[in-house]
Amino acid sequence: MNALPPASPRRSRLGWLLLAVPAAAVSLLVPQVRQHIPLQLLNPPESGTADDQHQHSEPAAPAHAAAESIELSAAAQANLGLNSSTLTTISRSGYYRSISIPGVVTERPGRTKIHVSAPLTGVITHVHSLPGEAVTPGTLLFEIRLTHEELVTAQTEFLKTLGELEVEQREVTRLEQVAETGAVSGRTLLERRYSRDRLQALLKAQREALRLHGLTDPQIDAIAADRRLLRSLLVTAPEPDEHSHDEPLMLATDADTARQLAASATSESSQQPGSAPRQPETPDNSPDEHLLVIEQLAASKGQAVKAGDPLCTLSDPEHLLIEGQAFAEDREMLTLTASQNWTITALFPGRSSDEPVTGLQITRLAVEIDPLSRILPFYLELSNPRIRDVRQPDGMRIVEWKYLPGQRLQLAVPVEHWSNQIIVPVAAVARDGADWLVFRRNGRLFERVPVHVLHSDSQTAVIADDGSLFPGDVIAGKSAAQLLSSSMAARSVSGVCMAFSLVSRPVRQRAGRALHPLLVPRLA
């Protein structure tokens with residue numbers, strides 16, 4: 001048999017260039033390749049047959065088989081954040097396909113803002129609270145010295161009629177005693193009785209006039225008993241959930257009495273004539289008590305105010321609303337979500353990641369669409385927890401809440417329900433061209449597994465249950481993109497090694513000696 005002619009020097013140089021140039025370029029660009037190429041180039045096999053010098057050897061297995069999985073050390077898994085909490089066990093569950101809609105925290109109309117006005121005309125003698133202070137309903141806010149002409153006149157006429165009635169009653173009693181002896185005619189006694197009845201009717205009308213001004217029966221009885229006008233008015237923090245139309249005025253005969261009554265802290269049910277409002281409990285800051293915050297103070301000590309003038313503005317931030325800003329085309333989906341009572345998740349931007357608030361439901365949709373922006377607002381109730389509650393040395397209580405009106409967020413609104421699906425974090429899947437991949441754990445190896453992704457959003461991905469994964473499989477719940485990059489680098493190494501194995505042994509030796517000065521310093 002005739003032997004094959006030896007390779008020409010020109011073909012040898014050409015083969016060496018075809019191998020050395022791509023290997024050097026890949027080694028400069030991909031760090032993982034530099035860790036594997038020298039092992040193949042600088043340590044070629046020592047033994048071989050004569051056919052190895054002239055013919056291509058047959059590979060024992062596909063060259064890319066080792067690149068279908070990647071081995072990670074414990075340190076590498078820690079660097080990628082793969083631990084017991086981020087390794088996801090495959091299971092089937094239901095999934096709600098959601099759309100993202102922007103939203104903003106808003107106040108409850110008519111409930112969050114509470115305006116406190118002067119009930120009667122007078123002069124402010126004392127201001128008990130300051131802006132930013134948290135108070136409970138019933139806390140004393142202002143003391144006002146009454147100069148309200150109608151109320152002063154009504155009290156004065158009431159006392160005057162009361163005095164005339166007492167005089168007339170004594171005269172009727174005297175005439176009744178004299179009439180028994182016949183010294184006074186019965187007609188005179190009858191006229192006095194008519195006069196007494198007229199005064200009683202007038203007194204009853206004046207009592208009703210005082211009630212119309214806001215005085216209670218115990219307060220009117222106190223005026224009649226003490227024969228003193230009520231001159232000090234106490235203004236308190238209102239009860240947001242109390243809608244009584246006959247809320248009494250807190251009145252006292254003088255400023256000293258008002259302060260003493262305010263310090264007594266008696267309950268509303270046991271308040272006596274002219275008694276003071278309930279005072280807040282100071283030993284403990286109970287999380288269950290209803291708190292109001294003084295946002296704005298519109299009056300100061302010594303200021304003359306008329307009936308209806310604003311004194312302060314209170315805020316009730318414990319319950320707010322989220323206003324979702326959907327498009328008009330989303331109305332049908334929002335109606336379906338509300339009718340099915342599907343829960344909505346609000347995502348508030350945080351320092352490191354979004355903070356979810358779950359369990360929200362649509363309370364109502366707006367009755368009209370904005371004609372300019374084509375926005376359809378819808379509303380959800382939001383409970384606002386406290387994040388700070390301190391009492392300063394001077395007794396002033398400062399409370400801060402977690403959410404503020406005007407705060408922006410994103411709403412994940414469910415619009416479709418899927419059952420028996422594989423749900424994984426979105427960071428558990430990575431895209432390689434037309435393929436979606438997950439990495440299934442097998443000891444220290446993480447195997448590439450192509451999957452069919454039905455849906456993905458900013459939080460989760462839905463994988464079709466088509467047999468690519470099974471319940472109980474453990475996959476990397478995060479860092480899939482980094483694992484894909486490492487896998488592609490390993491594939492590049494395998495490709496270079498395959499090309500190297502197809503070149504004759506003398507060419508491999510010359511290429512190894514030529515690339516040794518280039519690769520070894522970079523590995524160092």
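Visitor: Honestly, unusual backbone geometry in this entry has me stumped. Any pointers?
Guide: Most peptide bonds adopt trans geometry, and most residues besides glycine take a negative phi value. Here Arg 374, not a glycine, exhibits a phi torsion of approximately 60°, which is positive. Summarising the element assignment, Arg 374 is placed in the loop between β16 (362-365) and β17 (375-383). When its relative accessible area of 44% is taken as the criterion, Arg 374 is described as partly exposed. With a phi angle near 55°, Asn 420 is a residue other than glycine that sits in the positive phi range. Within the element layout of this structure, Asn 420 appears in strand β20 (residues 408-425).

Visitor: So what exactly am I meant to see when it comes to the sheet that holds strand β10 (residues 292-297) here?
Guide: In spatial order, the strands read β4-β12-β10-β6; together these 4 strands make up an open sheet with antiparallel pairing. Edge positions in the open sheet fall to β4 (113-117) and β6 (134-135), since each of these has one partner strand only. Note: β6 against β10, 2 bridges, orientation antiparallel. Looking at β10, one finds that Val 135 is bridged to Leu 292.

Visitor: When you look at helix α8 (residues 217-226) in this model, what are you seeing that I'm missing?
Guide: Residues that lie three or four places apart on an α-helix share one face, since the helix turns once every 3.6 residues. Along α8, the residues that are buried comprise Gln 219, Ile 220, Ala 222 and Ile 223. One side of α8 carries all its buried residues, which in axial view fall inside an arc of 155°. Looking one or two places after α8, you find Arg 227, whose phi comes out positive at around 55°.

Visitor: Looking at this structure, I do not really get the packing of helix α6 (residues 149-179) against α8. What am I missing?
Guide: When two helices pack together, you describe them by how their axes are tilted relative to each other and by the distance separating the axes. As a packed pair, α6 and α8 sit with axes 10 Å apart at the nearest point and diverge in direction by 55°. When the interaxial angle is binned, α6 and α8 end up oblique. Once α6 is placed against α8, the crossing between them reads as right-handed. Across the interface between the two elements, Gln 155, Phe 158, Leu 159 and Leu 162 of α6 pack against Ile 220, Ile 223 and Ala 224 of α8. Across the contact of α6 with α8, the residue classes tally to 6 nonpolar, 1 polar and no charged.

Visitor: I tried to follow the pairing of strand β24 (residues 453-456) on my own but got confused; where do I start?
Guide: Strand residues, when the strand is regular, have side chains that alternate between the two faces of the sheet. Direction of pairing for β24 relative to strand β25 (residues 460-463): antiparallel, over a ladder of 3 bridges. Bridge pairing in β25 places Ser 456 opposite Ala 461. Here β24 hands over to β25 after 3 residues, the two strands then running antiparallel side by side.

Visitor: In this structure, what is going on with the confidence of the model for the chain? I would like to understand it.
Guide: Detailed reading of the predicted coordinates is not advisable wherever pLDDT is low. When pLDDT is averaged across the chain, the result is 79; 72% of the residues are at 70 or more. Across residues 38-66, confidence stays below pLDDT 50; counting only partners more than four residues off in sequence or on other chains, it has 28 contacts. Between residues 265-284, whose pLDDT stays under 50, and residues either more than four places distant or in other chains, the model counts 39 contacts.

Visitor: Teacher, can you tell me more about the packing of α6 against helix α7 (residues 186-212) here?
Guide: Relative to each other, α6 and α7 sit at 155°, their axes nearing to 9 Å. Viewed along their axes, α6 and α7 adopt a mutual orientation that is roughly antiparallel. Here α6 and α7 pass one another in a crossing that is left-handed. For the contact of α6 with α7, the class distribution of residues is 13 nonpolar, 7 polar and 9 charged.

Procedures and definitions
Residues numbered from 1 in each chain as written. Predicted model: local features only at pLDDT ≥ 70, side-chain atom pairs only at ≥ 80, totals over all residues. Heavy atoms only, no water. Helix = DSSP H or I, 4+ residues; strand = E, 2+ residues; numbered from the N terminus. Buried < 20%, exposed > 50% of the residue type's maximum accessible area, 1.4 Å probe, protein only. Pairing = 2+ DSSP bridges. Arc of directions from axis to C-beta. Axes fitted to C-alpha atoms, helices over the stretch in contact; angles between N-to-C directions. Parallel < 35°, antiparallel > 145°, perpendicular 65-115°, else oblique. Left-handed = near helix turned anticlockwise from the far one by under 90°. Contact = heavy atoms within 4.5 Å. Nonpolar A, V, L, I, M, F, W, Y, C, P; charged D, E, K, R; others polar. pLDDT = per-residue confidence, 0-100.

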